[in-house]
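Architecture and fold: a report
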Amino acid sequence: MNAHGIAHKYGDHVDTDVIIPARYLNTQSHKELASHCMEEIDKEFIHKVKDGDIMVAGLNFGCGSSREHAPIALKAAGISCVIAKNFARIFYRNAINIGMAILECPAASDGISAGDEVAVDFDSGVITNITKNETYQAEPFPPFIKNMIVKGGLMASLKDKEA
Amino acid sequence: MGMTMTQKILAAHAGLPEVRSGQLIQSKLDLIMGNDITTPVAINEFEAAGFDRVFDKSKIALVMDHFVPNKDIKAATQCKQCRAFARRFDIDHYYDVGTMGIEHALLPEKGLVAPGEAVIGADSHTCTYGALGSFSTGVGSTDIGAAMATGELWFKVPSAIKVNLTGKLRPYVSGKDVILTLIGMIGVDGARYQSLEFTGPGVAALTIYDRLTICNMAIEAGAKNGIFPVDDITRAYVEGRVDRPWTTYEADADAEYERTIDLDLSQVDCTVAWPHLPENAHSAREGKDIAIDQIVIGSCTNGQLADMAAAAEVLKGRHLAKDVRGIIIPATEHVYRECMRLGYTDIFLDAGCVVSTPTCGPCLGGYMGILAEGERCVSTTNRNFVGRMGHAKSEVYLASPAVAAASGIAGHISHPEEVVNK
């Protein structure tokens, strides 16, 4: 499992209302949700983002509502991984449950600038800033959670247990 | 080392003699809740995984409250999907227009949550029910999809902050002011991943509605849950509503806490959180220069009968300032009916307000009170993030019902004393 892409950078307390405003929660269409992703604070994001890109932010990423539409919108917009200093807890479990990679790494959050080319090795937790020729070590997932991400999320891991 | 109240409830539901903070556990659940915007995503996951039964149709509550009565065709389609799912599995607690209320006011009112129970909901404010001495927390749609099939869910056992309450609230000061003050002290991530365990002699001076409001906004400090001990006030509320046996848990005397915060209730004043984070706490007395366009009184945070009474007390015999719109939303059908019986509805209408059927609508910028660019609202809701109630350049000021009512009358942010003693 790896990720490789351009960094999109935001600050502290990026909340779920700016990731996907509630007025769009009348749809479950991943594509439609993605088209409004981050628009409250960055109207250009959805035009700039490319498949595989990486989002980098500060403290408490994903605070606010429990809407799973938030990680869904980011994933559908093309984001392969979110790196933050830390995450709000419901966003953290939602991302894991839908099989989206997220990493807590204050050094990477400080070191990576918008537009940097970044590679992530999920097995080792090593984040490489190709543009700046730096590496950062993220906290590895506990085995319980890593297992769930590898299987593709909570539902897939449940089906696996049943089989 | 002993366990916190939250840890004791989790240990009991995981079938373990004890749990430690940081431990990953699988917990049995007493109730699983979803609403009209989170349940459709859960149903999709449930069906895609191939489940063909729910674990217990009496332990699932589906409440259509966010965008109902349906705000548009897409919202109607989502409710239709929830309704079909509820019928397919004969879900006992399905609430639609006519029986619904705002979920976190409705579930306690209907006796669906009892002390000592473990409850999840696909809504971040599910932490409200900690007011009754239960463990309750917000999760995602996939979580409830899985839990509806299995009756269980994974949790990381939280550590806790002990909030030691002393003293007694002054007139016009309420649970809303307590929680806004606390979030102002510790920040929107001050209790991230932790429990907020309220304790101390001040607990007995807080009504059940103060406690519900305080626990409701535990998430706004990043907390996994907020929880109050079970006392006579809890028992008085629960008796006559809950008809099944329930268990009282108490924190061990030697329970471990990350830290203790002392809060003297007599020192709390009417508090307003300025945009764009709930931690931006100010005294309501600082708002004279902040002219407003709208007030909203309602929501899962402050839509109970006690909140309506607080608003009515200030609005009685007075009228909203020119060009201020007042939207009042009793949280449940019961609260709505009581507002009529007690004359509150007349007071609200005489003051120039409108009174809506229960809905979450304006709180999250769905409908029923959206703000235009540059507009300001004093709202008894729970979030004031960028764009929360409408345009990205509108502003939401979070406050209690008494402060919202006073601000509506004054035309600017105002302390109730400034309006009532005028």
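Residues numbered from 1 in each chain as written. Chains lettered and ligands numbered in written order. Predicted model: local features only at pLDDT ≥ 70, side-chain atom pairs only at ≥ 80, totals over all residues.

What follows deals with the overall build of chain B. Across its full length, chain B carries 14 helices and 18 strands. At 20 Å, chain B has a C-alpha radius of gyration in line with the 22 Å of a compact globule built from 422 residues. Here the C-alpha coordinates of chain B stretch approximately 60 × 50 × 40 Å along the principal axes. Looking at chain B as a whole, 60% of its 422 residues qualify as buried. Here the analysis covers contacts within chain B between residues at least 6 apart in sequence; of these, 77% occur between residues at least 24 apart. (Helix = DSSP H or I, 4+ residues; strand = E, 2+ residues; numbered from the N terminus. Rg over C-alpha atoms; globule rule 2.2 N^0.38 Å. Buried ≥ 20, exposed ≤ 12 C-beta atoms within 10 Å, placed from the backbone. Contact = placed C-beta atoms within 7 Å.)

Looking only at helices and strands, chain A has eight helices and seven strands in total. Along the longest, intermediate and shortest principal axes, the C-alpha atoms of chain A span 40 × 40 × 25 Å. Among the 163 residues that make up chain A, the fraction classed as buried is 50%. When contacts within chain A are restricted to residue pairs at least 6 apart in sequence, long-range pairs at least 24 apart make up 66% of them.

Attention now moves to the pairing of strand E3 (residues 81-84) of chain A. Residue and element names in this part refer to chain A. On E3, burial covers both faces: Cys81 and Ile83 on one face and Val82 and Ala84 on the other are all buried. In this structure, strand E2 (residues 54-56) lies alongside E3, joined through three bridges in parallel fashion. Across the sheet, the residue bridging to Met55 is Val82, located in E3. The handedness of the E2 to E3 crossover, carried by helix H4 (residues 69-77), is right-handed. Alignment of E3 against strand E4 (residues 101-104), held across four bridges, turns out to be parallel. What sits directly across from Ile83, in E4, is Leu103. Traced from E3 through helix H5 (residues 89-97) to E4, the parallel crossover comes out right-handed. (Pairing = 2+ DSSP bridges. Right-handed = clockwise from strand over helix to strand, strands pointing away.)

All names here are of chain B. Running from amino to carboxyl end, helix H2 (residues 39-48) crosses helix H3 (residues 73-88) at an angle of 55 degrees, the nearest separation of the two axes being 9 Å. The angle between H2 and H3 places the two elements in the oblique class. The element H2 and its partner H3 pack so that their crossing is left-handed. Across the interface between the two elements, Thr39, Pro40 and Ile43 of H2 pack against Gln78, Gln81, Cys82 and Phe85 of H3. (Axes fitted to C-alpha atoms, helices over the stretch in contact; angles between N-to-C directions. Parallel < 35°, antiparallel > 145°, perpendicular 65-115°, else oblique. Left-handed = near helix turned anticlockwise from the far one by under 90°.)

Residue and element names in this part refer to chain B. Strand order in the open sheet formed by five strands is E4-E3-E2-E5-E6, and the pairing between neighbours is parallel. Only two strands of the sheet have a single partner each, and these edge strands are strand E4 (93-95) and strand E6 (135-138). Ignoring which end each strand starts from, the neighbouring axes of this sheet average 10 degrees apart. Bridge count for strand E2 (residues 31-35) against strand E3 (residues 60-63) is four bridges, and the pairing is parallel. Looking at the pairing, Gly34 lines up with Leu62 of E3.

What follows is about the confidence of the model for chain B. Confidence along chain B averages 97 in pLDDT terms, with 100% of residues attaining 70 or more. In the predicted assembly, ipTM is 0.93 and pTM is 0.97. (pLDDT = per-residue confidence, 0-100.)

Turning next to the domain arrangement of chain B. Residue and element names in this part refer to chain B. The domain architecture assigned to chain B consists of domain 1 (5-264) and domain 2 (271-420). Here the C-alpha centroids of domain 1 and domain 2 sit 24 Å apart. At the junction of the two partners, domain 1 supplies 34 residues and domain 2 supplies 34 residues. Residue assignment for the side of domain 1 that touches domain 2 shows that the elements contributing at least two residues are helix H4 (103-109), helix H6 (175-186) and helix H7 (208-216). Taken together, the residues of the side of domain 1 that touches domain 2 sort by class into 14 nonpolar, 13 polar and seven charged. (Domains from an automatic or database assignment. Nonpolar A, V, L, I, M, F, W, Y, C, P; charged D, E, K, R; others polar.)

What follows is about H5(A). Residues and elements named next belong to chain A. By the criterion of burial, H5 is predominantly enclosed, with nine of the nine residues buried. Of the residues making up H5, those classed as buried are Arg89, Ile90, Phe91, Tyr92, Arg93, Asn94, Ala95, Ile96 and Asn97. Just downstream of H5, Gly99 is the residue with a positive phi angle, here 75 degrees.

Here we take up the interface of chain B and chain A. Contacts between chain B and chain A engage 41 residues on the former and 36 residues on the latter. Residue composition of the side of chain B that touches chain A, by class: 17 nonpolar, 14 polar and ten charged.

Residue and element names in this part refer to chain B. It is at 8 Å that the axes of H2 and helix H5 (residues 141-150) come closest, and there the two elements cross at 55 degrees. Taken together, H2 and H5 sit at an angle that is classed as oblique. Judged by the sense of rotation from one axis to the other, the crossing of H2 with H5 is right-handed. Residues Val41, Ala42, Glu45 and Phe46 of H2 form the contact with H5, whose own contacting residues are Ser141, Thr142, Ile144, Gly145, Met148 and Ala149. By residue class, the composition of the contact of H2 with H5 is six nonpolar, three polar and one charged.

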